[in-house]
Number of protein chains: 4
Amino acid sequence: MSRPLRLGMVGGGSGAFIGGVHRMAARLDGSFETVAGALSSTEQKSRESGRALGLDDRRSYGTWEQMLEGELARPEGDRIDAVSIVTPNHVHFPVASAFVRAGFNVVCDKPMVLSSAEASELSRAVREAGVTFAVTYNYSGYPLVREARELVASGALGTVRKVLVEYNQGWLATRLEEQENKQADWRTDPARSGVAGAVGDIGSHAENLVSTVTGLELTHICADLSTFVPGRRLDDDASLLLRFDGGAKGVLIASQIAVGIENGLTLRVYGEEGGLHWRQEEPNSLLVHRLGEADRVLRPGNDYLSESARAASRLPSGHPEAFLEAFANIYRGVAAAIRNGGTKDPLLDFPGVVEGSRGVHFIERTVESAASEAKWTDARFRPESAAA
Amino acid sequence: MSRPLRLGMVGGGSGAFIGGVHRMAARLDGSFETVAGALSSTEQKSRESGRALGLDDRRSYGTWEQMLEGELARPEGDRIDAVSIVTPNHVHFPVASAFVRAGFNVVCDKPMVLSSAEASELSRAVREAGVTFAVTYNYSGYPLVREARELVASGALGTVRKVLVEYNQGWLATRLEEQENKQADWRTDPARSGVAGAVGDIGSHAENLVSTVTGLELTHICADLSTFVPGRRLDDDASLLLRFDGGAKGVLIASQIAVGIENGLTLRVYGEEGGLHWRQEEPNSLLVHRLGEADRVLRPGNDYLSESARAASRLPSGHPEAFLEAFANIYRGVAAAIRNGGTKDPLLDFPGVVEGSRGVHFIERTVESAASEAKWTDARFRPESAAA
Amino acid sequence: MSRPLRLGMVGGGSGAFIGGVHRMAARLDGSFETVAGALSSTEQKSRESGRALGLDDRRSYGTWEQMLEGELARPEGDRIDAVSIVTPNHVHFPVASAFVRAGFNVVCDKPMVLSSAEASELSRAVREAGVTFAVTYNYSGYPLVREARELVASGALGTVRKVLVEYNQGWLATRLEEQENKQADWRTDPARSGVAGAVGDIGSHAENLVSTVTGLELTHICADLSTFVPGRRLDDDASLLLRFDGGAKGVLIASQIAVGIENGLTLRVYGEEGGLHWRQEEPNSLLVHRLGEADRVLRPGNDYLSESARAASRLPSGHPEAFLEAFANIYRGVAAAIRNGGTKDPLLDFPGVVEGSRGVHFIERTVESAASEAKWTDARFRPESAAA
Amino acid sequence: MSRPLRLGMVGGGSGAFIGGVHRMAARLDGSFETVAGALSSTEQKSRESGRALGLDDRRSYGTWEQMLEGELARPEGDRIDAVSIVTPNHVHFPVASAFVRAGFNVVCDKPMVLSSAEASELSRAVREAGVTFAVTYNYSGYPLVREARELVASGALGTVRKVLVEYNQGWLATRLEEQENKQADWRTDPARSGVAGAVGDIGSHAENLVSTVTGLELTHICADLSTFVPGRRLDDDASLLLRFDGGAKGVLIASQIAVGIENGLTLRVYGEEGGLHWRQEEPNSLLVHRLGEADRVLRPGNDYLSESARAASRLPSGHPEAFLEAFANIYRGVAAAIRNGGTKDPLLDFPGVVEGSRGVHFIERTVESAASEAKWTDARFRPESAAA
């Protein structure tokens, strides 16, 4: 392993949640070292946060525009190698666009941007600039999610018929946004979160998980969105029927009012010959079904797993890895791609601008379906047109 | 405990599955003794099956009509006290109607009948005859289902917001009906099973479970039915969005092609202040969530349970009871009602003609919704009109 | 199935626990019908209990001696086919001996008798009388315990190296015997329970489970017994190191003071090539390990199980059976043996006088080891000598 | 957070397992940056490993003696702040002693040293030098282990009666040490591993877990050690009966031949009023029992936990943390102590030379007990005398 790459960060100052996650994930494998930042929404708070993180004052910028300028002013070999964007959603697009156009590699939190129009524009910019661009659909980094993808791809389950995906949480079962909770505040604010609440924040992860594991293309959806907490301005609960190209069907459930559920992302897939079941909260077991056979319980770190799953864990079997390690697998993949001139290592795959655009598209179509009297809303995603 | 009541049975001859279940359930607590039967579709097979069960030849009838006549011919104190109908679905209505009209108490398998018209007529007959009538939505007999119902009723979860119910199985993932499988054969035959496959056979149990536990009234549904196995004549998979009176929402999933799932009936309910999770395959744990508290795991046989849940188990905690014991709770309730002149013991509740009618209504509306371009189909059940 | 056999019962009057279990187990499959009894310790209570059970007054005897006499006085074809002895332990021997000598088949609760001397004498009597004799080590009746036995016997685990068996409960964590609890009262009374408390009541089940599944012969034990509850007169906790013939080792833990554990009987076996794990409280999963392979989860009712395991369940997979069904498997085996002139059906095996004697021997050796300064106490059981 | 402290490492070159774990754990929270190393057993391999890790060649030393000399030669503010010793066991003592005596803080893998004599000498050296010294009994770093400790200390379980601790693995079920497996090789070699195999490698973790959580002092043990794999030179399986000061009893099981078990460290504690159950392989659930109450399932990241448990996690509830995060908690505590002039932060506690000495003592007494004909071997640990 060579020296860590240099990371800059936009957002992630004190009080933030996901910024710290990105920093730990970036650091865990020595992939990146955070050396620059525009960490908060005001200049003063940015510098204070920078100091708290041990950033050199000269690279703790007041705004992201200053950071962009400041880093560009440094000699080429001394600039940041990538920037992580961990702000509320509405800031993703301007920052990502600007850094991409200036030739920086970008790691952007999800949902990538607020609209398909933004997604198209950003996708075009990424293509033109030729930079590495990652969207942190971090759950795709779990070893057993990679194993699940390999199982489907290998045909071990046969043609997929039914997909059940859920992402349930209970933390917004009460009106937390009125209680000085920074996370709840912006996530329930349409101006900063976008057109959707639960659908954007967690439903989008669920959509990505299905797409990652099954490779199936959504064609139609039928959505019912709810806002259960009085006074809330965005949906906090979603139920969708799904139809996929090729005839598979599915259900997607996302809720922030499921009292007692912490971070219940689960995926079940049933094919003609087998099935699988994975749960994020106990991520180190993958239940695999086969017609006429006893269920098997796959666990990370074992030789019986695919190469891809094995590459995604660091420890021997029985030494559980979890959320941060899966998240770090995204950063590991990004670092490998950057070192490799922009080419992904197939064993260290990560979601990019296509997955980010698909997620934004899914959010838009879901909101459209929820408002529609028609049963089925076309939800087909065409990355070409998205990026046209 | 007094002597067992006398039970007659229609259906349940050799090769049947549910007949044996009914007999064991009826016998377990000494509630009933099977003394008469018209067990098969032909006279000869009926008598052979009767002999195999140890029935007196004189009460092993060739047809259910003969049984009705034969039992009526006996002195009143010597007739069967109830008849169990465990035939394929299409036979339920004629047999139930005839026995009810003749004044016999009836235990009828589900779905109760094939149409709402039949349900109305049968309901009226039951009301007029004043007999005890049970429909074996047997999962309502589990102690922890009763505890769940008490929890919701007591307000421990607050107003219910979201209900997730599933009944998944994998046994029909291949075309079993072509392989001399008697159970698969009639269940996939519209003439014997009715208008629905998975929806009628298991979706109806799911509907009953939701209704039993939450007491919520369905107002609208949006259904997607599939037939995944080529050549099959009825649906083998269903996904529904649910809307309830009062604003609760839900999802109902029923599938017979979920490879590897054996009998996966599960219920999750989330209210404003709490939630619960129950799984039929491990029926002796009920997970209970409360805002801000650690989850609790309730188990049968403990003093902390409601009186209703405690009345539904026979053994000390840790001595698991399961499917047959839950089923026997239905028979226990029926026996108590019969002995009590038709009045149910509130601690030994069981589903009757209203629940049976509601189930039939649900099946019909689901098939209607699946065929509809409209998103929402009215699914409100009006037992008055049903029985008018 | 022919008509039920006729069962008499000694013990099991009102307030008892295990008598009701025996009756439900005997009845579930229609194996037996309880027609006679000497149910309580006084004549009056016996008759009251008999009436409550619906026994004919003429066969509801005041004492077991009267029952023996009364049944012998009936014509041969009209006597009870077997007697179940479900009294406190100290009554087992006199009743069993008398009925055996009179030629009756016997089902006796465990531990079979109070001493090896009694065990020898009873064993000899059974051999001489040629009757069928069962000891209700009921956990051996679980389908997956039978599968476990088959797995070991088939060599699927390789030579067994390590056995871990536990039977933990928490119900005696306080001095329940002072609180009018009939079950606690006699179980903690040396005059009625015998030389051991936890070891006799539940440790003996653990010993039987190991012996049943592994077939291994204990050679040496090292026991530490405790009485944690002040004032209690027998042990309420036991830990033993085990050594088996052929070099396997093990640990046996039995406790009645494990607060929160309901009926925690578990078995783990590790061989050179595989292992297994079974838990009584969730008895429908058997975890099977194999070198280099993912764990498999076996479930009852599936074709991949051994014939013996399949013969022990009544329902399709996913329809859980539990404690009473396992217990009923003992009665089913006894009924088959009686009908078959005393020859066991190999698919319906049940523990008999050898297993009963082995259990008594184990209890005695454990108490001896606990009192010894020496590390190892010889625990080899010689059924020949026991029965000499 | 200020800048990371500077870490040197002895051992942990290519092919090692635990060195990489230490580096990730040290890095995760930015506590430490690895800047120096003597990573392998030969000079050339050390330098190659150093280069692979991105160490500056000038601080990639050929031997630990050179590293000690080299670091001492640097100006005081530029030396390493601590050294991690991650070699096979036999190297711990000389390296630790030398660095401690030179005034360096030390993080040493377990078991700390090979004998009580070494432990005493090292303890004295630590006391005299006044340095911070940690032994990586890393499982004590799990949030729910800390919660368990708080629960016992708070009296929530009442006086502890029974402790069951197990550490089972299957990876050495075959003679892996003959198959070029570096980890198996030294662990089964008495010259490098010490007097014990399984007992030293994993049994010692189990002992520490009991001591950490319960605070109970072992007084007597009764051990049975086995070497199941033919040709192996150390024990690969251990079963011990435990007696504690104050009357509690226990069982400790450690095995490396439990086929199919990956890293099965579990702890169960039963007191007069409650109990708990924790499993390392699913470390984010702590089952808590209370007399007469339903079991509760505690999960990290929730407000209902103790301050100590909350301080040990980084993420919101439902975002699982695992082995590396728990390990990093040790490094976080060490960094806090170093920054704080050697005083531990009570919320960031970690095991030190006393725990290390106790572990060595336990290993010695276990081997002694296994060789003894006497049932009980005195196992009381006197840290005073150990360090006298």
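So, here's what we can say about the structure. Bear in mind that the values here come from a model prediction, so they are computed numbers and not experimental data.

## Considerations on the interface of chain D and chain C
Taken together, the contact pairs 49 residues of chain D with 50 residues of chain C. Taken over both partners, the interface formed by chain D and chain C buries close to 3300 Å², and the fraction arising from carbon and sulfur atoms is 57%. Interface area lost by chain D to chain C is led by D:Arg161, D:Val259 and D:Lys375, which between them contribute 22%. Counting the contacts that link chain D with chain C gives eight salt bridges. Ionic pairing is found between D:Lys162 and C:Asp237, a salt bridge with its closest N-O pair at 2.9 Å. Summed over the shared surface of chain D and chain C, the result is 24 residue pairs in polar contact (both at pLDDT 80 or more).

## Notes on the environment of D:Val251
Looking at the element boundaries, D:Val251 is found in strand S9 (residues 249-255). Remark: the alpha-carbon pair of D:Val251 and D:Val165, spanning 86 residues in sequence, is separated by 6.3 Å.

## Here's the deal with the pattern of salt bridges
Following the criterion strictly, the structure yields 118 salt bridges over all chains and no others. Among the ionic pairs, C:Glu321 bridges to C:Arg314, the shortest N-O distance being 3.0 Å. You'll find C:Glu321 and C:Arg314 in the same group, each marked buried. Between D:Arg47 and D:Glu43 there is a salt bridge; the shortest N-O distance is 3.6 Å. Pair noted here: D:Arg47 and D:Glu43 are both in helix H2 (residues 43-52), with a separation of four residues, about one helical turn.

## Brief notes about helix H2 (residues 43-52) of chain B
All names here are of chain B. Those residues of H2 that sit buried are Ser-46, Ser-49 and Gly-50. The buried residues of H2 occupy an angular sector of 105° when projected down its axis, which confines them to one face. Buried residues in H2 make contact with strand S2 (32-38). One or two positions beyond H2, positive phi appears at Gly-54, with a value near 80°.

## As for the relation of the copies chain D and chain C
Each copy of the sequence occupies a distinct position, and chain D is placed on chain C by a rotation of 180° and an axial shift of 0.0 Å, giving an RMSD of 0.0 Å. Such a turn and shift between the copies fits a two-fold axis. Closest approach to the rotation axis among the C-alpha atoms of chain D is made by D:Lys375, whose C-alpha sits 1.9 Å away. Here 100% of the interface residues in chain D have copies in chain C that are interface residues too; the copies meet face to matching face.

About the criteria used
Residues numbered from 1 in each chain as written. Chains lettered and ligands numbered in written order. Predicted model: local features only at pLDDT ≥ 70, side-chain atom pairs only at ≥ 80, totals over all residues. Heavy atoms only, no water. Contact = heavy atoms within 4.5 Å. Buried area = accessible area lost by both parts, 1.4 Å probe. Salt bridge = Lys/Arg side-chain N within 4 Å of Asp/Glu carboxyl O. Polar contact = N/O pair within 3.5 Å; in protein donor to acceptor, adjacent residues only side chain to side chain. Helix = DSSP H or I, 4+ residues; strand = E, 2+ residues; numbered from the N terminus. Buried < 20%, exposed > 50% of the residue type's maximum accessible area, 1.4 Å probe, protein only. Arc of directions from axis to C-beta. Least-squares fit on C-alpha atoms with pLDDT ≥ 70 in both.

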